[in-house]
Amino acid sequence: MDKEHLYVLAPALTLLFLSGSLLLCWVFQRQQRFLLWQCCAYALTALPFAFQSTASTEMLYRYAAISCTLYLLGGWFLAKCWAEHWRVPTQTRVSLAIALVTLISAIYYSNNLLARVHISSAGIGLIMLLPVLSALRHRHSPDWLDKVLLTSALIYSVITITRPMIITVLGHSEFEKFANSVYWFASAMSTLFFAIFFTVLMAAIAIRATIRQLRNERDQDSLTQILNRRAFYELARCRLEDKRLLPMAILAGDIDHFKRINDTWGHSRGDEVLKLISATLQRNVRGFDLVARFGGEEFVMLLTRIDLAEAEQVAQRIRLELRSDHSVLPKNATLTMSFGVAPIENAKQLESALKEADDLLYAAKHAGRDQVHVSGNNYQNIDFEHTMPNPGVSASHI
Ligand SMILES: Nc1nc2c(ncn2[C@@H]2O[C@H](COP(=O)(O)OP(=O)(O)OP(=O)(O)O)[C@@H](O)[C@H]2O)c(=O)[nH]1
């Protein structure tokens, strides 16, 4: 193969290289399938790209239908990649209809290269445009990476549809040697530019998703999806640094006779109880508050902008809500929980406040369970006149 051929094959080889890189990413991750669809899109586009870069005009005419089919498939896989990432329908039937009309029209105009280029570009661009339009309709609050993807996908789809206009502007004579034409060069460059751009973008999106997942696994209790002990300590220290969130309280809660629940209705019902309690705790707190499962049937909460009396009300409210909830346990069984409530003013007190809340919790257990015990110590260094009132708690909730 001479140097000229190698040069014209460069775009197709680059596409194959990108496709291989995406395949590797997917093989390592085995999670974000959109990487696999993008890999297929570039591999399928690279084949007709390589062929059209080197084939004679006669060969181009003879194998036009096959090239067009591969391009359409490439466009469809790219659309599938975006649709999967945005979680919008792939619209396979509409895509298939567009592909069929495109193919039939391309075959009908098989002797007219200009018409074929217009038809296939419009077909591929429309197939890619489908998920973009769905995403624009359905997505509510995309973050900045998604916005970049959405905007660039829209631009690329529109460019693909309108690209053959270049031919009209340049005149038909450019088409005599297809692979050397300005149109072909412009097509190759724009395809390559967007292929590299989308590869980097989708890889960044995949990396971000992996980091988020790892962070969640590190910080969340896998059963209840609330914070685990490690994340609670880390976040609680941050909250306690913020003087605007004072006064605060620690609530320690423990399910009563949980072993009996497991023994009577089975471990999986016990798991459902743990989930119900986590949801109930979360429903009863506000934006900056923290809810964590410290292990087994023990839960800890950090309530912000709250005094001890209000924190006790929150605990009582949760206790009463659980008593009357029969969504998991049968009507003749009552789900109860005991609580200890302790004040906290700064990060240095975290350990001692947790211990105090825990001691109070076990005092509640020994006193007969299903009750809230509150610390006798009050806040030492807080001027209550200058702290924010708590809008979320009132006696009417009890
Ligand atoms: N279903 C379920 N059970 C758990 C889980 N983690 C711990 N347990 C069970 O929780 C029970 C805790 O029992 P105990 O420590 O004796 O406490 P209890 O029965 O709630 O009694 P009191 O706390 O004294 O009221 C044990 O039977 C554990 O097996 C879990 O993730 N799922």
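From a predicted model like this one, the values you see are computed outputs, not experimental measurements. (Residues numbered from 1 in each chain as written. Predicted model: local features only at pLDDT ≥ 70, side-chain atom pairs only at ≥ 80, totals over all residues. Heavy atoms only, no water.)

1. Remarks on the side chain of Thr224
Counted only if it meets this: Comment: elements are numbered from the N terminus, with helices defined as DSSP H or I runs of at least four residues and strands as E runs of at least two. The cut-offs for exposure are 20% and 50% of the maximum accessible area for each residue type, with area from a 1.4 Å probe on protein chains only; residues under the lower value are buried, those over the upper are exposed, and the others partly exposed. Contacts between residues were defined by any pair of non-hydrogen atoms, one from each residue, lying within 4.5 Å.
The topology assignment puts Thr224 in the loop between α9 (182-219) and α10 (229-241). Assessed through its relative accessible area of 9%, Thr224 is described here as buried. Among all residues touching Thr224, those that are not within four sequence positions of it are Leu274, Lys275, Ser278 and Arg293.

2. Details of the sheet that holds strand β4 (residues 337-344)
The line we're drawing: Following DSSP output, two strands are said to pair if at least two bridges run between them. Lines fitted to C-alpha atoms define the axes, with helix axes restricted to the stretch in contact, and inter-axis angles between N-to-C directions lie between 0 and 180 degrees.
Read from one edge to the other, the open sheet built from five strands follows the order β2-β3-β1-β4-β5, with strand pairing classed as mixed. The two strands at the open ends of the sheet, each matched to only one other strand, are β2 (290-295) and β5 (372-374). Pairs of neighbouring strands in the sheet enclose a mean axial angle of 20°, with direction left out of account. In the sheet, β4 pairs with β5 via three bridges, with the strands oriented parallel. Bridge pairing links Gly340 to His373 in β5. Packing against the sheet, helix α13 (residues 308-323) makes contact with β1 (248-255), β3 (298-303), β4 and β5, and its axis sits at approximately 165° to β4. Sheet contacts for helix α14 (residues 350-366): β1, β2, β3, β4 and β5; angle to β4, the most-contacted strand, approximately 150°.

3. Section: the packing of helix α12 (residues 267-283) against α13
Selection criterion: Reported orientations rely on four angle classes, namely roughly parallel under 35 degrees, roughly antiparallel over 145, roughly perpendicular from 65 to 115, and oblique for the rest. Two helices that cross are described as forming a left-handed crossing if the nearer one is turned anticlockwise from the farther one by less than a right angle, and a right-handed crossing if clockwise. For this classification, the nonpolar set comprises Ala, Val, Leu, Ile, Met, Phe, Trp, Tyr, Cys and Pro, the charged set comprises Asp, Glu, Lys and Arg, and every other residue, Gly included, is treated as polar.
Two elements in contact, α12 and α13, have axes whose closest approach is 10 Å; the angle formed by their N-to-C orientations is 140°. Considering their axes alone, α12 and α13 lie oblique with respect to each other. For α12 against α13, the interelement crossing comes out right-handed. Facing Ile277, Thr280, Leu281 and Arg283 of α12, the residues of α13 in contact are Ile318, Glu321 and Leu322. The residue inventory of the contact of α12 with α13, partitioned by class, reads four nonpolar, one polar and two charged.

4. Looking at the environment of Ala311
Within the fold, Ala311 resides in helix α13. With 102 residues separating them in the primary sequence, Ala311 and Ala209 have C-alpha atoms 37 Å apart. Residues within four places of Ala311 in sequence aside, it is in contact with Ala249, Leu251, Leu303, Ile306 and Val341.

5. With respect to the site of the ligand
To be explicit about the condition: For each residue, the test is whether any non-hydrogen atom lies within 4 Å of the molecule or strand; if one does, the residue is near. The definition of a polar contact used here is a pair of N or O atoms within 3.5 Å, where within protein one atom must be able to donate a hydrogen and the other to accept one, and adjacent residues in sequence count solely through side-chain atom pairs. Method for areas: the Shrake-Rupley scheme with a 1.4 Å probe, in which residue coverage is limited to the protein chains shown.
If you check the shell around the ligand, you find 16 residues, and the closest are His257, Phe258, Lys259, Asp271 and Arg293. Separating an oxygen atom of the ligand from a backbone N or O atom of His257 is a distance of 2.8 Å. In the environment of the ligand, an oxygen atom lies 2.8 Å from a nitrogen or oxygen atom belonging to the side chain of Arg369. The fraction of the free accessible surface of the ligand (670 Å²) that becomes covered by protein chains is 67%. Put simply, the parts of the chain that give the shell around the ligand at least two residues each are β1, α11 (258-265) and α12. Ranked by residues supplied to the shell around the ligand, first place goes to α12 with four residues. Taken together, the residues that form the shell around the ligand break down as three nonpolar, five polar and eight charged.

6. A closer look at the pattern of salt bridges
The condition that has to hold: The salt bridge definition used is simple: a Lys or Arg side-chain nitrogen within 4 Å of an Asp or Glu carboxyl oxygen.
By the definition in use, this model includes 18 salt bridges. Linking Asp242 and Arg244 is a salt bridge whose minimum nitrogen-to-oxygen distance equals 2.9 Å. A residue is classified by how much of its surface remains accessible, and Arg244, at 59% relative accessible area, is exposed. Here Asp254 makes a salt bridge to Lys365, at a shortest N to O gap of 2.7 Å. Within this pair, whereas Asp254 is found in strand β1, its partner Lys365 is found in helix α14, the two being separated by 111 residues in sequence. The exposure class of Asp254 is buried, given its relative accessible area of 3%. Take Lys365: its relative accessible area is 10%, and that puts it in the buried class. Linked through salt bridges whose partners overlap, the residues forming this network are Asp143, Asp146, Arg208 and Arg212.

7. Observations concerning the state of the cysteines
The test is simple: We call a pair of cysteine sulfur atoms a disulfide whenever their separation is within 2.5 Å.
Summed over the entire model, instances satisfying the criterion amount to zero disulfides. The thiol of Cys39 is not disulfide-bonded; the next cysteine sulfur, from Cys40, is found 5.0 Å away. Residue class for Cys39 comes out buried when judged on its relative accessible area of 8%.

8. Comments concerning empty space enclosed by the protein
Operational definition: In the cavity and pocket records, a cavity denotes points on a 1 Å grid over the protein atoms alone where a 1.4 Å probe fits but cannot get out, a pocket denotes an open set with protein on both sides within 12 Å along at least 5 of 7 lines, and lining residues are residues with an atom within 4 Å of a point. Grid points are joined across faces, edges and corners, and a volume is the space filled by probe spheres set on the points.
If you walk through the whole model with that rule in mind, you get one cavity of 30 Å³ or more. Approximately 530 Å³ is the volume found for the largest cavity. Lining the largest cavity are 33 residues, and of these Gln52, Tyr71, Ser120, Ile124 and Arg163 sit closest to its centre. Contributions of two or more residues to the lining of the largest cavity are made by α2 (34-54), α4 (64-86), α6 (113-138), α7 (144-162) and α9. Here the residues of the lining of the largest cavity sort into 21 nonpolar, 10 polar and two charged.

9. So, the domain arrangement of the protein
Rule in force here: Segmentation of the chain into domains, including their bounds, is taken from an automatic or database domain assignment.
You can read the domains of the protein as domain 1 (3-219) and domain 2 (229-397). One C-alpha centre belongs to domain 1, the other to domain 2, and the line joining them spans 54 Å.

10. A closer look at unusual backbone geometry
A cis amide bond, omega -5°, links Leu246 with the succeeding residue Pro247. Mapping Pro247 onto the fold places it in the loop between α10 and β1. In this structure, Gln91 takes a positive phi of about 55° despite not being glycine. Mapping Gln91 onto the fold places it in the loop between α4 and α5 (92-108).

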